[in-house]
Amino acid sequence: SNNGVATLMVHDSVQEFNYTNYDYRIGADEEDWVYYSVDYSQEGDAFYTGNVSVNNGQFASEIIIPDDISDGNEGLIRLYYYDQLTREDYIAVLSNIDYSSIPVEIEDSTPPSISLKIDSENFQVGDYVSTTPLLIADIEDEHGINLLGKPGHSMLMLIDKDNPVNVSSGFIYDENSYKKGRLSWQIEDLSEGNHLLQLIVFDNFNNFQVAETNFYSQKAGDIVIKDMLFYPNPYNYSKKAKFTFVLSETSDVEVKIYTITGKKIKELSYVACPSGYNEILWNGKDADGDKIANGNYFYKLCAKSKLSKHKAEKIGKLIILK
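Residues numbered from 1 in each chain as written. Predicted model: local features only at pLDDT ≥ 70, side-chain atom pairs only at ≥ 80, totals over all residues. Heavy atoms only, no water.

A. Molecular detail of the environment of Ile97. Along the polypeptide, Ile97 turns up in strand E6 (residues 88–99). Through-space distance from the C-alpha of Ile97 to that of Ser248 is 49 Å; in sequence the pair is 151 residues apart. (Helix = DSSP H or I, 4+ residues; strand = E, 2+ residues; numbered from the N terminus.)

B. Structural context of the pattern of salt bridges. Going through the model one piece at a time under the given rule, you end up with 9 salt bridges. Between Arg182 and Glu121 there is a salt bridge, and its shortest N-O distance comes to 2.8 Å. Highlighted residues: Arg182 in strand E13 (residues 180–186) and Glu121 in the loop between strand E7 (113–118) and strand E8 (128–129), separated in sequence by 61 residues. The partly exposed category is assigned to Arg182, whose relative accessible area is 25%. (Salt bridge = Lys/Arg side-chain N within 4 Å of Asp/Glu carboxyl O. Buried < 20%, exposed > 50% of the residue type's maximum accessible area, 1.4 Å probe, protein only.)

C. Structural view of the packing of aromatic side chains. Inspection of the entire model under this criterion finds 16 aromatic pairs. Consider the rings of Tyr81 and Tyr90, whose centres lie 6.1 Å apart with planes at 35°: the pair is tilted. For Tyr90, a relative accessible area of 33% translates into the label partly exposed. Following the ring pairs from residue to residue traces out a cluster consisting of Phe230, Tyr235, Tyr237, Phe243, Trp282 and Tyr299. Stacked on the ring of Tyr237, the Lys or Arg Lys291 has its end atom at 5.0 Å from the ring centre. (Phe/Tyr/Trp six-rings, centres within 6.5 Å; stacked < 30°, edge-to-face > 60°. Lys NZ or Arg CZ within 6 Å of the ring centre and 35° of its normal.)

D. How the structure looks around the sheet that holds strand E20 (residues 276–282). With antiparallel pairing, 3 strands are arranged side by side in an open sheet as E16-E17-E20. What marks the edges here is a single partner per strand, and that holds for strand E16 (225–231) and E20. In this sheet, adjacent strand axes meet at a mean angle of 15° when their direction is disregarded. Summarising the sheet, E16 and strand E17 (residues 241–247) pair through 5 bridges and their orientation is antiparallel. (Pairing = 2+ DSSP bridges. Axes fitted to C-alpha atoms, helices over the stretch in contact; angles between N-to-C directions.)

E. Local environment of the nonpolar core. In this structure, Ile139, Met155, Leu183, Leu197 and Leu199 are the most contacted members of the largest nonpolar core, which totals 38 residues. If one sorts the elements of this core by residue count, strand E4 (residues 46–54) sits on top with 4 residues. When neighbours within four sequence positions are excluded, Met155 is seen to be in contact with Ile139, Ile145, Leu147, Val165, Asn166, Val167, Ser168, Phe171, Leu183, Leu199, Ile200 and Val201. Counting 26 residues, the second largest nonpolar core, distinct from the first, contains Leu247, Ile280, Tyr297 and Tyr299. (Core = buried A, V, L, I, M, F, W, Y, C linked by side-chain atoms within 4.5 Å. Contact = heavy atoms within 4.5 Å.)

F. A look at the pairing of strand E5 (residues 72–83). Pairing between strand E1 (residues 4–11) and E5: 5 bridges, direction antiparallel. Bridge pairing links Leu8 to Leu79 in E5. Pairing analysis gives 10 bridges linking E5 to E6, with the strands arranged antiparallel. Each residue of the ladder has a partner; that of Ile77, found in E6, is Leu94.

Right under this line is the structure:
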């Protein structure tokens with residue numbers, strides 16, 4: 001028996017096209033022009049790509065057909081499954097799916113919801129990212145996401161309001177879902193500096209949403225520690241304290257706490273803090289487990305890149321006031 005997760009793709013009906021080429025010869029009469037005409041068909045675009053559970057070789061899935069589907073009787077469903085135990089591939093195909101041209105009357109004026117992240121699950125607006133960052137967008141709509149890529153209804157990404165890119169093919173529905181999924185798209189060759197990213201998404205009834213975020217691109221190897229804070233400051237032991245900071249790339253991090261005379265009293269070490277926003281908690285105690293006395297202290301945050309081995313340090317002040 002086969003048990004696991006398969007990938008399901010549902011395609012629009014086959015489309016018929018005509019291409020005519022004219023060779024307009026300068027100075028020649030029209031009857032001497034050369035032209036040819038070719039009729040051809042093209043497989044319909046996928047409007048659903050998602051993961052489905054397979055149990056004993058069986059699966060079931062629900063989908064919603066986009067409002068701007070092409071009517072026709074040559075739709076296609078594909079299922080791909082890889083058996084981890086036997087290391088065998090399985091492909092199932094169902095062709096000649098008939099799509100009706102009669103629209104379904106459903107009241108829906110609610111656009112999709114979109115959560116944008118860049119390079120990291122911990123991303124926050126204004127974070128440092130690489131110059132080739134990964135766009136991650138979690139998208140959800142009650143009636144599904146329009147992935148057909150038809151003109152005017154494509155899922156589009158814009159950087160700095162320029163050169164829209166159709167990113168529909170980067171979206172895949174969550175397992176056994178037709179309502180929510182994730183877009184993953186590699187962005188190439190950004191210049192260093194601030195950027196605005198916008199994502200336009202339509203649902204299957206063509207309600208649209210525009211989500212946007214700002215970020216700062218930084219070349220790998222140049223670690224930047226940004227927005228470093230100790231909170232609450234002053235600290236009175238009423239709750240746990242935390243060091244917060246933003247990293248330009250994934251790094252091993254140490255926080256070292258010193259007296260005003262330079263004596264180190266505590267060291268907090270964390271491995272592989274991701275790029276973007278991070279928090280490190282502290283109970284306010286020294287290396288011996290004792291609460292430290294009232295007064296002024298300073299701390300040093302040290303970051304070492306997991307990839308480039310470059311290092312960065314930043315110093316801040318904190319006050320203990322019990």
